[in-house]
Amino acid sequence: MDWTEQKIKTADFKELHTHTFLLPNAWDAASAKVFEQCGFKAVGTTSAGIAAAHGYTDRSMPFDTMLAAVREIVQAVSIPVTVDMEDGYGSTPEEVANSVRQVIESGAVGINLEDSKMNPRDGLYDISEQQKKIAAIRQSINRLGIPVFMNARTDPYWIRKGTPADMLEETLKRTKAYREAGADGVFVPGVTDIAAIRILRKEIGGPVNLLAGAGMPSLQELQSLGIERISTGSGPFRAVISMLHRIGGEMLEHRSFERMTSNVLTYDDLLQI
């Protein structure tokens, strides 16, 4: 991909954040292509899905493995691709910025950077530390001349520490700081309470990204509140793996191939993906 094409895709991706859109998260080239064929205008990656597909637990996947998967996904689709960078694949702001630069040079148009530490039991990074990472990333990608969309993920609701009021207060404090440091938008996974979401939308200046899942308000409600982006995270990957478990169980326990053969793509259809 040349820089001109990537700049166009980046602009298209930013434009999606002017209204509510759904962002599915892929784990390989085939899943990304299926999402594109469904009609989605962009695709994200799921670090948990990529890790599991390569035999790793989430947060233990080597950077080179993730980067290779990103390259395959970018090359497989014509729509913009944004990448889950976990906590940045680096121990310093400079190392994180270098990892992000490599992802952008692979053809991605955006990234997620989360403030959970690699061991979730260790809690969240200090706000000032996370701000330094975001600022370093912004400075690095600005030199590339590509208006990359940087999504700052904050995890008070994900790690469920404190009361609902505590989580809301901490989320607002962190999202404000990350936006000031250079993030284009913020990602708040784990929040499901409609009242809290309404406050977040009112107080956060830029685009807000939420995670689809059980207990979430309906898409119509989120759209009416002005939530710009709704991601699927590892949900589709987990659904596919769950189906494989059911197929395997049915074959072994019931000596049946019904789940594997009923209402599925034919071999010829598979070749068209």
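Higher on the page you've got the structure.
Residues numbered from 1 in each chain as written. Predicted model: local features only at pLDDT ≥ 70, side-chain atom pairs only at ≥ 80, totals over all residues. Heavy atoms only, no water.

Draft legend 1. The arrangement of a nonpolar patch on the surface in detail. Residues Leu265, Tyr267, Leu270 and Leu271 make up a contiguous nonpolar surface patch of roughly 460 Å² in combined accessible area. The class of Leu265 is exposed, set by a relative accessible area of 52%. (Patch = residues over 30% accessible without salt bridge, like charges linked within 9 Å, V, L, I, M, F, W, Y side chains within 5 Å. Areas by Shrake-Rupley, 256 points an atom, 1.4 Å probe, with all protein chains shown as cover. Salt bridge = Lys/Arg side-chain N within 4 Å of Asp/Glu carboxyl O. Buried < 20%, exposed > 50% of the residue type's maximum accessible area, 1.4 Å probe, protein only.)

Draft legend 2. Helix H9 (residues 194-203), seen in detail. Three or more residues of H9 are buried, namely Ala196, Ile197, Leu200 and Arg201. All buried residues of H9 fall inside an arc of 135 degrees around its axis, so they share one side. Structural note: H9 exposes Lys202 and Glu203 on the side pointing more than 90 degrees away from its buried face. On its buried side, H9 packs onto helix H7 (156-159), helix H8 (164-181), strand E8 (208-211) and helix H10 (219-225). Two or three places before Ala195, at the start of H9, stands the capping residue Asp193, its side-chain oxygen 3.3 Å from that residue's backbone nitrogen. (Helix = DSSP H or I, 4+ residues; strand = E, 2+ residues; numbered from the N terminus. Arc of directions from axis to C-beta. Contact = heavy atoms within 4.5 Å. Polar contact = N/O pair within 3.5 Å; in protein donor to acceptor, adjacent residues only side chain to side chain.)

Draft legend 3. Layout of the packing of helix H5 (residues 93-105) against helix H6 (residues 127-144). Contact geometry of H5 with H6 gives a least axis separation of 8 Å together with a crossing angle of 40 degrees. What the angle tells us is that H5 and H6 run oblique. Helix-helix and strand crossings are classified by hand; for H5 and H6 the assignment is right-handed. Taken together, the residues of H6 that come into contact with H5 (itself represented by Pro93, Val96, Ala97, Val100, Arg101, Ile104 and Glu105) are Lys132, Lys133, Ala136, Ile137, Ser140, Ile141 and Leu144. In the contact of H5 with H6, the residues fall into nine nonpolar, one polar and four charged. (Axes fitted to C-alpha atoms, helices over the stretch in contact; angles between N-to-C directions. Parallel < 35°, antiparallel > 145°, perpendicular 65-115°, else oblique. Left-handed = near helix turned anticlockwise from the far one by under 90°. Nonpolar A, V, L, I, M, F, W, Y, C, P; charged D, E, K, R; others polar.)

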